[in-house]
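Single-letter residue listing:
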Amino acid sequence: MSADETDCNLAMPRIAILFAAYNGMQWIEMQLNSILEQKNVSVKIFISVDPSTDETLAWSQAMALRHACVEVLPFGERFGGAAPNFFSMFREVDFSDFDYVGLADQDDIWLPDKLFRAHQVLLKTDADAYSSNVTAFWADGRQMLIQKSQKQVKWDFLFEAAGPGCTYVIRKQLACAIQSLIRRRWSDVCQVGLHDWFVYAYARANGYQWVIDDQPGLLYRQHEKNQVGVNIGWRASLHRARKILGGWGLSQSALIAELVGLGRQPFVQKWSSGSRAGLLSLSLHAWQCRRRLRDKMLFALSCAALLLSGGRRS
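Keep in mind that what you see is a predicted model, and the values were worked out from it rather than measured.

Conventions we followed
- Residues numbered from 1 in each chain as written.
- Predicted model: local features only at pLDDT ≥ 70, side-chain atom pairs only at ≥ 80, totals over all residues.
- Heavy atoms only, no water.
- Helix = DSSP H or I, 4+ residues; strand = E, 2+ residues; numbered from the N terminus.
- Buried < 20%, exposed > 50% of the residue type's maximum accessible area, 1.4 Å probe, protein only.
- Contact = heavy atoms within 4.5 Å.
- Axes fitted to C-alpha atoms, helices over the stretch in contact; angles between N-to-C directions.
- Parallel < 35°, antiparallel > 145°, perpendicular 65-115°, else oblique.
- Left-handed = near helix turned anticlockwise from the far one by under 90°.
- Patch = residues over 30% accessible without salt bridge, like charges linked within 9 Å, V, L, I, M, F, W, Y side chains within 5 Å.
- Areas by Shrake-Rupley, 256 points an atom, 1.4 Å probe, with all protein chains shown as cover.
- Salt bridge = Lys/Arg side-chain N within 4 Å of Asp/Glu carboxyl O.
- Pairing = 2+ DSSP bridges.
- 1 Å grid on protein atoms, 1.4 Å probe; cavity = no way out; pocket = protein on both sides within 12 Å on 5 of 7 lines; lining within 4 Å.
- Points joined across faces, edges and corners; volume = space filled by probe spheres on them.
- Nonpolar A, V, L, I, M, F, W, Y, C, P; charged D, E, K, R; others polar.

## Notes on the environment of Leu-259
- In this structure, Leu-259 sits in helix α9 (residues 247-259).
- By relative accessible area, Leu-259 is classed as buried at 5%.
- As for Leu-259 and Val-189, which are separated by 70 residues in sequence, their C-alpha atoms are 7.6 Å apart.
- With residues up to four places along the chain from it excluded, the contact list for Leu-259 reads Leu-181, Arg-185, Asp-188, Val-189, Val-192 and Phe-198.

Written as structure tokens, this is what we have:
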């Protein structure tokens, strides 16, 4: 059974979907429909529209009138990016009536069983959070499996997300814990640039179990307006490694570590200042900092390059 236009069947797993939108008219209808057509789950979709120059807000409001399972959140605050928009939804939405919370971008296409599979995997594994591989696709018809399900390692969550946030489904208990932190540390959390990285880091740092499914649950649209797209090839991987280990990246890792309760952890204290000694420590721990083999190698090389150049650059 699919979520319909008038009712959210409470006998099914109840999932709150946090849906961030901005100038989304080109693809938003296809994405919203793919969520409304999810099988064997009851969805409530909370749309937060960053002030746009197209008809995204008016269209979303019309969908809310048509579908009881769609709600447009109060409008007006300018977020300027996906992360603050998602953080705002975490802060404002009441999760008490739901079993899970999921995240949605405006331009993907979800497979009909995406959410129900997440529910089944979470039940089977007794994990607290779920993410998955995705199938990237382009306007010219190309498709590519993007693998994110490599084995989790000791410190990967301080340097990367569990995959695209649009694959995330987390249990209510974890969502409420993240919500509590966001409310307490709002101004600090707003300095975090990637919401999916933050959510994964909080879960792992605080003992929650995370499962990464090797079966993709959505088509991950690639286009020139992607705020964060897929990471394909050595050149793209090297670019991201430099960004993560440059002034912005290490500062973000240190900020996230502090926010999730690891600021005084000895491993974090070694590198959080961006010193040469810290970079040397990171290069020696590269195998514990990224999941994919290629990323481990580039992580170590990037640490070494920054070490030779004199440490972190602002």
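## Comments concerning the packing of helix α11 (residues 276-284) against helix α12 (residues 293-308)
- Two numbers describe how α11 lies on α12: the axes approach to 8 Å, and their chain directions differ by 160°. Taken together, the axis directions place α11 and α12 in an arrangement best described as roughly antiparallel. For the crossing formed where α11 meets α12, the hand is left-handed. Listed contacts from α12 to Arg-276, Leu-279, Leu-280, Leu-282 and Ser-283 of α11 are Phe-299, Ala-300, Cys-303, Leu-306 and Leu-307.

## Notes on a nonpolar patch on the surface
- Among the surface-exposed residues, Trp-287, Leu-293 and Met-297 lie close enough to one another that they form a single nonpolar patch of about 330 Å² accessible area.
- Following the sequence through the fold, Met-297 ends up in helix α12.
- Under the relative-accessibility criterion, Met-297 is labelled partly exposed at 38%.

## Concerning the sheet that holds strand β5 (residues 109-110)
- If you trace the four strands from one edge of the open sheet to the other, you get β5-β11-β7-β8, paired in mixed fashion. The two strands at the open ends of the sheet, each matched to only one other strand, are β5 and β8 (143-146).

## A closer look at the layout of surface pockets
- By volume, the second largest pocket amounts to about 160 Å³.
- Every residue lining the second largest pocket is listed: Ser-48, Val-49, Leu-73, Pro-74, Phe-75, Gly-76, Glu-77, Phe-79, Ser-88, Met-89, Arg-91 and Glu-92.
- Listed by contribution, the elements that provide at least two residues to the lining of the second largest pocket are β2 (42-49) and α3 (82-92).
- No other element matches α3, which puts four residues into the lining of the second largest pocket.
- Looking at the lining of the second largest pocket residue by residue, the class counts come to six nonpolar, three polar and three charged.

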